Amino acid sequence: APMERGSPGVLVLLQDLTEIKGLQTMRREFVGNISHELRTPLASIKAIAETLPAVADRNEARGFLEKISGEVDRMTQMVNELSELSRIETGGVPLVITPVDLNKLVAEVNERMRPLAERKGVILEQLTAAGLPEVPADASRLQQVVGNLVHNAIKFTPAGGRVTVAVRQEGDNLVVEVRDSGIGIAAADIPHIFERFFKADRSRSGGGTGLGLAIARHLVRAHGGDIRVQSEEGRGSVFSFTLPLPR
């Protein structure tokens, strides 16, 4: 734009739109993902509801109703996780910080997940380190993070495989590591694994919402730590996160 009359030169304004474009892309992907995740159960419910009046057998009708209930539960879970993720991202979920024994916390999570591992024929074990200091953290939120990682590890590990949860100290941090001998993650998918709704293998991802790892990442970062993954397709995965110790 030219300067005011009588002044030499012009005004050049440069604006970096990278962040705005990135947010627009994220919004489009988010709307597309949530539409896809809701469309499938809604189509299933509609089809079952249209078929139900023609079903004379009570047991068969009961089975149809159970399927409808399952689809509603899945959508409810997704809505709840979306609401929680939104609250976490905006700082709406305050952390209740207390001294936490990570060895004990991991043992409690493993005990809760053991029936799932046994049903799948997967060995679930824990490696602890003696003399670890307690870490200031929100115990219920850490259980949520560890539970999500262990659940995923069991889900993607075939029968006869092994899931190992280890706790150790590295410098000024405590580290929780979940290692499995499962199907692994393709190299192209690893950079996106903590994104909302991302599922590395939709054909084998089961009924998950694709929000668990995104929630886990935000909770770990809210504690001042970091979460990462190492994986090779067909050779298992290692998810780990750090928690800083007080100096």
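The rules behind the values
- Residues numbered from 1 in each chain as written.
- Predicted model: local features only at pLDDT ≥ 70, side-chain atom pairs only at ≥ 80, totals over all residues.
- Heavy atoms only, no water.
- Pairing = 2+ DSSP bridges.
- Helix = DSSP H or I, 4+ residues; strand = E, 2+ residues; numbered from the N terminus.
- Axes fitted to C-alpha atoms, helices over the stretch in contact; angles between N-to-C directions.
- Contact = heavy atoms within 4.5 Å.
- Polar contact = N/O pair within 3.5 Å; in protein donor to acceptor, adjacent residues only side chain to side chain.

Peer 1: Summarise the sheet that holds strand E6 (residues 227-231); cite the residues concerned and give the values.
Peer 2: Spatially, E2-E4-E5-E7-E6 is the arrangement adopted by the five strands of the open sheet, whose pairing is mixed. Lying at the two open borders of the sheet, with one neighbouring strand each, are strand E2 (123-127) and E6. The average undirected angle you get between the axes of adjacent strands in this sheet is 15 degrees. Contacting E2, strand E4 (162-170), strand E5 (173-180) and strand E7 (237-244), helix H3 (residues 102-120) runs over the sheet at an angle of about 175 degrees to E2. Docked against the sheet, helix H4 (residues 139-155) engages E2, E4, E5, E6 and E7, running at close to 170 degrees with respect to E7.

Peer 1: Explain the side chain of Arg141 to me, using residue names and the numbers behind them.
Peer 2: With respect to the helices and strands, Arg141 occurs in helix H4. Here the side chain of Arg141 touches Gln144 through a polar contact of 2.8 Å, side chain to side chain. Setting aside residues up to four positions removed in sequence, Arg141 forms contacts with Glu84, Val93, Leu95, Leu219 and His223.

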